[in-house]
Amino acid sequence: MPEVTARGLRFHVQECGTGPPVVVFVHGLAIDNLSSFYYTLASPVAEVGARCVLYDLRGHGLTERTPTGYGVSDAVADLFAVLDALGHYRVHLVGYSFGGAVALNAALAHPGRVAGLVLIDAHGPGDGPGWNEDFLNRLAQSALKLEHERIADQLLAFGERRMSRVAATADALLNRTTLLDDLAAMDPVRPAQLTTLSCPVLAVYGQHSDVADAGRLILRHVPDCALHTMAGHTHFVLPAGTAEILEVLLPWLAHHAGTRVPAAGAAR
Amino acid sequence: MSDIPRMNDIRSEVVRMLIDVVGEDFLLDVEIGPGTTFGDDLGLESIEFVALVDRLRAHYGDRADFPGFIAGLDLDQLVNLTVGDVVDHIAAQERAHA
């Protein structure tokens, strides 16, 4: 398994394609890992001439699980430590859901290292109290169900090995680490901060996503921003919306990162 | 023309790598043939399939082009991918580079 050690932790990393540019993919929480990008966006982005970097966040996929350290600031520090270990300095970031919050905060913390941002149904931006209350409530409900209904064991008893393992990982993260507390302590990225973003941003949000307001805040306040709304989609735009995302992502990368312009209809 | 003994060797190698990824205990209960799917039959998590592809690349080298092989499949094909599909791909690449 390809891995790097960063901040004393073993991170599972996959790289493909040759660059520059370097495009780094940051996945979502709990049930997610790098495979959601590995099977969808990474190969087509590598094909147009980018070095793609995918890694499993702390406690996710095949990266080590620690008891603590799941807040966004630790995730940003982990990201740059992984990039340092791989020898990448200036990169484009593609983040989905919580991975979008990580990417956005990374660009604000180190503007010199982030050349562009692609935020796919990203959490993070907010302009009022309770900005992530629904999100936290849903995660807390999942945590209770996973523990009290012993969902992982039940799925395994029914012969559903794959879903059982996904549930077991989510159970371990939500019930046996500080992840929920760390997320509850997270501050939103406020409009005043969004106005300071110096890199170009492509925001892609599902029309019926519960975090679609974040997309509207990004469009209103980020100086150099394009917003693409995916008609009929909820928060879960991957893998179902892969072809549509590629139709906006590949031309955007060609313009802002200097990758090759994809042939018409090349996106699957 | 397919080389049956070589295909059987490749299948044994792929099964050995599968055991590395998912553990022997689980696979003891499963009869693995060419039609066995990684998803429904073996219950492989998508991240475990990534780990299997790593082992395949390490064993057969980059000329087997697994990233290209995977990129050429749509999601339905990926979900229904069989042990036989992977064995056929490896054998075809070996013949092409022989």
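Residues numbered from 1 in each chain as written. Chains lettered and ligands numbered in written order. Predicted model: local features only at pLDDT ≥ 70, side-chain atom pairs only at ≥ 80, totals over all residues. Heavy atoms only, no water.

Quick word on the environment of B:Ile32
Our working rule: Helix numbering and strand numbering both begin at the N terminus, where a helix is a DSSP run of H or I of at least 4 residues and a strand a DSSP run of E of at least 2. Burial status follows relative accessibility: with a 1.4 Å probe on protein chains alone, a residue under 20% of its type maximum counts as buried, one over 50% as exposed, and anything between as partly exposed.
Among the secondary structure elements, B:Ile32 is positioned in the loop between helix H2 (24-28) and helix H3 (46-60). According to the relative accessible area criterion, B:Ile32 is buried, its value standing at 18%.

Topic: the UniProt feature "domain: AB hydrolase-1" (unreviewed entry) in chain A
Put simply, the rule reads: UniProt positions are given in the numbering used here, feature names are shortened, and annotations may be inferred rather than shown by experiment.
Annotation from UniProt places "domain: AB hydrolase-1" (unreviewed entry) at residues 21-166 of chain A. End C-alpha atoms of residues 21-166 of chain A are separated by 33 Å, and the span's content is 45% helix alongside 16% strand.

Here we look at the packing of aromatic side chains
So the rule is basically this: Paired rings are identified among Phe, Tyr and Trp, the last through its six-membered ring, by centres lying within 6.5 Å, and are further divided according to the angle between planes into stacked (under 30 degrees), edge-to-face (over 60) and tilted (the rest).
According to the stated counting rule, one finds five aromatic pairs over all chains in the structure shown. Taken together, a centroid distance of 5.1 Å and an interplanar angle of 45° make the contact between A:Phe25 and A:Phe37 tilted. Here A:Phe37 lies in helix H1 (residues 35-38) and A:Phe25 lies in strand E3 (residues 22-26), a separation of twelve residues in the sequence. Classification of A:Phe37 by relative accessible area gives buried; the value is 1%. Put simply, the rings of A:Tyr38, A:Tyr39, B:Phe38 and B:Phe49 touch in pairs and so form one group of aromatic residues.

Focus on the interface of chain A and chain B
Let me state the cut-off plainly: Residue contacts are counted whenever heavy atoms from the two residues lie within 4.5 Å of one another. As used here, buried area is the combined drop in accessible area, with a 1.4 Å probe, of two parts when they are placed together. By definition, a salt bridge exists where a carboxyl oxygen of Asp or Glu is found within 4 Å of a side-chain nitrogen of Lys or Arg.
With 20 residues of chain A at the interface, the matching set in chain B holds 24 residues. When the two sides are added together, the surface that chain A and chain B hide from each other amounts to roughly 1800 Å², 55% of it contributed by carbon and sulfur. When the buried surface of chain A facing chain B is broken down by residue, A:Tyr39, A:Arg161 and A:Arg162 rank first, second and third, together holding 40% of it. Applying the counting rule to chain A against chain B returns three salt bridges. Put simply, A:Arg165 and B:Glu45 hold a salt bridge, and the shortest N to O gap is 3.0 Å. Sorting the residues of the side of chain A that touches chain B by element identifies strand E2 (9-16), H1, helix H2 (42-47) and helix H7 (161-176) of chain A as the ones contributing at least two each. The element contributing the most residues to the side of chain A that touches chain B is H7(A), with four residues.

What about unusual backbone geometry?
With the exception of glycine, the majority of residues adopt a negative phi angle, and the majority of peptide bonds are in the trans configuration. Residues and elements named next belong to chain A. Gly19 connects to Pro20 through a cis peptide bond whose omega is 0°. For the peptide bond that leads from Leu238 to Pro239, omega is 5°, which places it in the cis range. Relative to the elements of secondary structure, Pro239 occurs in the loop between strand E8 (225-230) and helix H11 (242-257). Phi at Arg7 takes a positive value of approximately 55°, unusual for a residue other than glycine. As for its placement among the helices and strands, Arg7 is situated in the loop between strand E1 (3-6) and E2.

Considerations on the nonpolar core
Cut-off, in case you're wondering: Only buried residues count toward a nonpolar core, which is a set of Ala, Val, Leu, Ile, Met, Phe, Trp, Tyr and Cys residues joined through side-chain atoms within 4.5 Å.
A:Phe25, B:Phe38 and B:Phe49 are the most contacted members of the largest nonpolar core, which has 62 residues in total. The residues contacting B:Phe38, other than those within four sequence positions of it, are B:Leu18, B:Gly43, B:Leu44, B:Phe49, B:Leu52, B:Leu81, B:Thr82, B:Val83 and B:Val86. Ranked by size, the runner-up nonpolar core spans 61 residues in total, among them A:Tyr70, A:Val102, A:Met186 and A:Leu197.

Section: the side chain of A:Asn105
Tracing the chain through its elements places A:Asn105 in helix H4 (residues 98-109). Leaving out residues up to four positions away in the same chain, A:Asn105 has contacts with A:Val72, A:Val76 and A:Val189.

Focus on H3(B)
Residue and element names in this part refer to chain B. This is how the line gets drawn: By definition here, a helix of n residues has an expected span of 1.5 Å times n minus one.
The end-to-end C-alpha separation of H3 is 21 Å, in line with the 21 Å expected for 15 residues at 1.5 Å each. Ile47, Glu48, Phe49, Val50, Ala51, Leu52, Val53, Asp54, Leu56 and Tyr60 are the residues of H3 that are buried. Where H3 terminates, the next one or two residues include Gly61, which has phi positive at roughly 85°.

Side note on the domain arrangement of chain A
Residue and element names in this part refer to chain A. Threshold: Reported domain spans reflect what an automatic or database domain assignment gives.
The domain architecture assigned to chain A consists of domain 1 (3-132 + 188-257) and domain 2 (134-185). Computed over C-alpha atoms, the centres of domain 1 and domain 2 are 23 Å apart. Counting from both sides, the interface comprises 16 residues of domain 1 and, opposite them, 15 residues of domain 2. Buried surface at the junction of domain 1 and domain 2, summed over both partners, amounts to about 1400 Å²; 67% is from carbon and sulfur atoms. A per-residue breakdown of the area domain 1 buries against domain 2 is headed by Ala30, Tyr70 and Asn132, which together make up 40% of the total.

So, the sheet that holds E3(A)
Residue and element names in this part refer to chain A. How we decide: One bridge is not enough; two strands pair if DSSP finds at least two bridges between them. The angle between two axes is taken between their N-to-C directions and runs from 0 to 180 degrees, where each axis is a line fitted to C-alpha atoms and a helix contributes only its stretch in contact.
Taken together, eight strands build an open sheet; the order of strands is E1-E2-E4-E3-E5-E6-E7-E8 and the sheet is mixed. Each edge of the open sheet is held by one strand with a lone partner, namely E1 and E8. In this sheet, adjacent strand axes meet at a mean angle of 25° when their direction is disregarded. Bridge count for E1 against E2 is four bridges, and the pairing is antiparallel. Among the inter-strand pairings, Ala6 is bridged to a residue of E2, identified as Leu9.

Describing the pattern of salt bridges
In this structure the tally under the stated criterion is 17 salt bridges over all chains. Across the pair A:Asp153 and A:Arg150 runs a salt bridge whose closest N-O atoms are separated by 2.7 Å. Take A:Asp153: its relative accessible area is 42%, and that puts it in the partly exposed class. Taking the relative accessible area as the measure of exposure, A:Arg150 reaches 52% and is therefore exposed. Two residues, B:Glu48 and A:Arg161, come together in a salt bridge whose shortest N-O distance is 2.9 Å. Of this pair, B:Glu48 sits in helix H3 while A:Arg161 sits in helix H7, which puts the two residues in different chains. Here B:Glu48 and A:Arg161 have matching classes, each one buried. Taken together, the salt bridges that share partners define one network made up of A:Arg7, A:Arg58, A:Asp74 and A:Asp78.

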